[in-house]
Amino acid sequence: MNIEKLIDLAHESDASDVHIVYGLPIKFRVKGKLISASDHVLTHEDCEDIGHALAGEKFASIKHIGELDMARTLAGLRVRINLFRAQGHLSAALRLLSDKIPRLASLGLPPAVMDFPRLQRGIIVVTGETGSGKSTTLAALINEINHTRAENIITMEDPIEYIYTPAQSIISQREVGQDTESYSNALRAVLREDPDIILIGEMRDLDTISTALTAAETGHLVFATLHTQSAADSIDRMVDVFPEGLQRQIRMQLSTTLQAVLSQQLLPKRDGTGRTLACELMMVTPAIRNLIREGKTPQIASSLATSASAGSITMDNALLNLYRSRTIDAAVAQEAAHDYEYVRKNAF
């Protein structure tokens, strides 16, 4: 199996992902749906050969840890690779990334996001499930800063997906597992590296979240991701990682450093031509800072609905806007809604 040819074929088919699973044909995800790339059913040996070709010298590590995350340039495209074993057979999930970092204005993000590259300090969190476009949004934000400001930007990623070309800024990209042992190790070191802007691929644990908040508190601009469904969920996720005795302090830090939470979903378009971005944006207003500080996260959703003047928008209203512009159909809007009844009542 020639990997370069496979990636070429996936790219020509407009696939976003390639799935390699024993006992099945190679599958492409095209416009959100899985299709077979051929009739050939993969054998155990096929999967091993593909794994070797993808992982190269790192292949041996799969025997010890069971899975491998990495990224490579194949057939001129940046490809994110996850290799894993399932019932003794090797499988692979490949994400085809754009060979160019998109312009921020082209992504269909809420208008207030266009101001993020001008911020000087604080923390911005981008959330959403896997495959919701978080990495692309962050890359576009970092690249906008790179072309408009002279800053020292340090990224910590697992793996590195987009490769930046320094313009006005210095950009150092560090890959977890290759350039540093862990996010928490990299973050402890980064504060000694004179950064202006820090990108954290994912806030996974107490150490990472704590150091990210400290960095934001000490005058840095921090971008980070979380796997959560909404702005309020993100607050709770960050706070709940900490022991109860520290949670009040963390709420205080969050209330002073958090600038915005952007939650994303990629949804199938009504006309079948691909997917579109739906976003919830919570701009952190004085009222929301008070709710964070007082631990009243259940009230954040209603406060979000009334802070449109600050640029905020709820996911449900974003879905209704996409439905009314005939970008998505009613069934997709309802399925993706936080409040099904609210969307159902207002969509018809």
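Residues numbered from 1 in each chain as written. Predicted model: local features only at pLDDT ≥ 70, side-chain atom pairs only at ≥ 80, totals over all residues. Heavy atoms only, no water.

Draft legend 1. Expanded view of the packing of helix α8 (residues 244–257) against helix α9 (residues 286–293). Between α8 and α9, the least distance of the axes is 8 Å, while the angle of their chain directions is 170°. On the basis of their axis angle, the class for α8 and α9 is roughly antiparallel. In this structure, α8 contributes Arg251, Met252, Leu254, Ser255, Thr256 and Thr257 to the contact, and α9 contributes Arg289, Ile292 and Arg293. Residues that form the contact of α8 with α9 fall into these classes: three nonpolar, three polar and three charged. (Axes fitted to C-alpha atoms, helices over the stretch in contact; angles between N-to-C directions. Helix = DSSP H or I, 4+ residues; strand = E, 2+ residues; numbered from the N terminus. Parallel < 35°, antiparallel > 145°, perpendicular 65-115°, else oblique. Contact = heavy atoms within 4.5 Å. Nonpolar A, V, L, I, M, F, W, Y, C, P; charged D, E, K, R; others polar.)

Draft legend 2. Seen up close, helix α1 (residues 3–12). Those residues of α1 that fall on the buried side of the exposure criterion are Ile3, Leu6, Ile7 and Ala10. Buried residues of α1, viewed axially, fall in a sector of 95°; they line one side. Opposite the buried face of α1, at more than 90 degrees from it, the exposed residues are Lys5 and Glu12. Those residues of α1 that are buried are in contact with β1 (15–20), β2 (27–30), α2 (44–55), β4 (67–74), β5 (77–86) and β6 (89–96). Just past α1, the residue Asp14 takes up positive phi, approximately 65°. (Buried < 20%, exposed > 50% of the residue type's maximum accessible area, 1.4 Å probe, protein only. Arc of directions from axis to C-beta.)

Draft legend 3. The arrangement of the sheet that holds strand β3 (residues 33–36) in detail. Across the sheet, six strands lie side by side as β3-β2-β1-β6-β5-β4; this open sheet has antiparallel pairing. In the strand order of this sheet, the two ends are held by β3 and β4, each with one partner. Direction aside, neighbouring strands of the sheet carry axes that sit 25° apart on average. Judged from the four bridges that link them, β1 and β2 form a sheet pairing that is antiparallel. Within the sheet, the bridge partner assigned to Val18 lies in β2 and is Phe28. (Pairing = 2+ DSSP bridges.)

Draft legend 4. Spotlight on the side chain of Glu151. Summarising the element assignment, Glu151 is placed in the loop between α4 (134–148) and β8 (152–157). For Glu151, the side chain forms a polar contact with the side chain of Arg149, separated by 2.9 Å. Residue contacts for Glu151: discarding those within four places in its chain leaves Gln120, Ile145, Gln168, Ser169, Ile170, Asp196 and Ile197. (Polar contact = N/O pair within 3.5 Å; in protein donor to acceptor, adjacent residues only side chain to side chain.)

Draft legend 5. Molecular detail of the nonpolar core. By size, the foremost hydrophobic cluster in this structure holds 37 residues, and its most contacted members are Ile200, Met203, Leu258 and Met282. Setting aside anything within four residues of it in sequence, one finds Leu258 in contact with Ile123, Val125, Ile235, Met282, Val284, Arg289 and Ile292. Listed in part, the 30 residues of the second largest apolar core include Ile101, Ile124, Tyr164 and Leu262. (Core = buried A, V, L, I, M, F, W, Y, C linked by side-chain atoms within 4.5 Å.)

Draft legend 6. Representation of α8. Under the 1.5 Å per step criterion, the end-to-end length of α8 is 20 Å for 14 residues, consistent within 8% with the ideal 20 Å. The inward-facing, buried residues of α8 contact β7 (122–127), α6 (206–217), α7 (231–240), β12 (258–268) and α9. (Expected span 1.5 Å × (residues − 1).)

Draft legend 7. Examining the pairing of β5 more closely. Direction of pairing for β4 relative to β5: antiparallel, over a ladder of eight bridges. Bridging across to β5, Ala71 finds its partner in Arg80. Connecting β4 to the antiparallel partner β5 that follows it, the hairpin turn spans two residues, and Ala75 within it adopts a positive phi of roughly 55°. Of the pairings in the sheet, the one linking β5 to β6 comprises eight bridges and is antiparallel in character. Bridge pairing in β6 links Ala86 to His89. Adjacent in sequence and paired antiparallel, β5 and β6 are bridged by two residues, among which Gln87 carries a positive phi angle near 55°.

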